[in-house]
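This is what each chain is made of:
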Amino acid sequence: LESAPDGGYLVNSELCARSKVYVAGPSANIPHPLFGRMGLEGEEDAWVSGVHAGRNMAGANAQYSHVAHKLTCRMIGAAGNLVA
């Protein structure tokens, strides 16, 4: 598996690191359509990405595009629109 700079593993938009090998939760470093490549973090991402990876293992072939509430608040805060 190819390592990401944050210590996780690079995966595609379906959370697949290589043929039939899926990575979810904080070990996954994904290409995100809004934020570029990013690592997943927190309980919400672990749960949602685990379910998503499981569905893709079963043949769904769906792209992961979930944005955790925690990340959304941090991004808005960085833009100066929200004080945390």
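Computed from a prediction, not measured in an experiment: that's the story for all the values here. (Residues numbered from 1 in each chain as written. Predicted model: local features only at pLDDT ≥ 70, side-chain atom pairs only at ≥ 80, totals over all residues. Heavy atoms only, no water.)

### Some thoughts on the sheet that holds strand E4 (residues 28–32)
In sheet architecture, strand pairing relies on hydrogen bonds along the backbone and comes in two forms, parallel and antiparallel.
Inference 1: Across the sheet, three strands lie side by side as E1-E4-E5; this open sheet has mixed pairing. On the outer flanks of this sheet lie strand E1 (9–10) and strand E5 (36–39), each paired with one strand and no other. (Pairing = 2+ DSSP bridges. Helix = DSSP H or I, 4+ residues; strand = E, 2+ residues; numbered from the N terminus.)

### Side note on the nonpolar core
What tends to happen in soluble globular proteins is that the nonpolar side chains get buried as a cluster.
Inference 1: Within the largest apolar cluster, nine residues are counted, these being Val-11, Leu-15, Val-23, Ala-28, Ile-30, Met-38, Leu-40, Ala-53 and Tyr-64.
Inference 2: Those residues in contact with Tyr-64 that sit more than four places away from it in its chain are Ser-13, Leu-15, Ile-30, Leu-40, Asp-45, Val-48, Ser-49 and His-52. (Core = buried A, V, L, I, M, F, W, Y, C linked by side-chain atoms within 4.5 Å. Buried < 20%, exposed > 50% of the residue type's maximum accessible area, 1.4 Å probe, protein only. Contact = heavy atoms within 4.5 Å.)

### What about the side chain of Asn-56?
Inference 1: Within the secondary structure layout, Asn-56 lies in helix H1 (residues 42–57).
Inference 2: At 3.0 Å, the side chain of Asn-56 and the backbone nitrogen of Asn-61 are in polar contact.
Inference 3: Those residues within four positions of Asn-56 in sequence are excluded, and the remaining contacts are Glu-14, Tyr-22, Asn-61 and Ala-62. (Polar contact = N/O pair within 3.5 Å; in protein donor to acceptor, adjacent residues only side chain to side chain.)

### Structural notes on the side chain of Ser-49
Inference 1: Mapped onto the elements, Ser-49 comes out in helix H1.
Inference 2: Setting aside anything within four residues of it in sequence, one finds Ser-49 in contact with Leu-15, Ala-24, Gly-25, Leu-40 and Tyr-64.

### A short note on the pairing of E5
A regular strand places its side chains so that they alternate between the two faces of the sheet.
Inference 1: The pairing of E4 with E5 spans four bridges and is classified as antiparallel. Looking at E5, one finds that Ile-30 is bridged to Met-38.

### Considerations on the confidence of the model for the protein chain
Caution is warranted with low-pLDDT regions, since their predicted coordinates should not be read in detail.
Inference 1: With 81% of its residues at a pLDDT of at least 70, the protein chain reaches an overall mean of 83.
Inference 2: Segment residues 72–84: pLDDT under 50, and seven contacts once partners within four positions in sequence are set aside and those in other chains are kept. (pLDDT = per-residue confidence, 0-100.)

### Side note on the pairing of E4
Inference 1: The buried count for E4 comes to four of five residues, which makes it a mostly enclosed element.
Inference 2: Hairpin remark: E4 followed by E5, antiparallel, with three residues in the connecting loop.

### Considerations on H1
Inference 1: Here H1 contains 16 residues, and its C-alpha end-to-end distance of 22 Å stays within 8% of the 22 Å for a straight helix at 1.5 Å per residue.
Inference 2: Buried residues of H1: Asp-45, Ser-49, His-52, Ala-53 and Asn-56, and no others. Looking down the long axis of H1, one finds its buried residues gathered within 100° of arc, a one-sided arrangement. Exposed residues lying more than 90 degrees from the buried face of H1 are Glu-43, Trp-47 and Arg-55.
Inference 3: Residues of H1 that are buried make contact with strand E3 (21–22).
Inference 4: Following H1 by one or two positions, Gly-59 has its phi on the positive side, about 110°. (Expected span 1.5 Å × (residues − 1). Arc of directions from axis to C-beta.)

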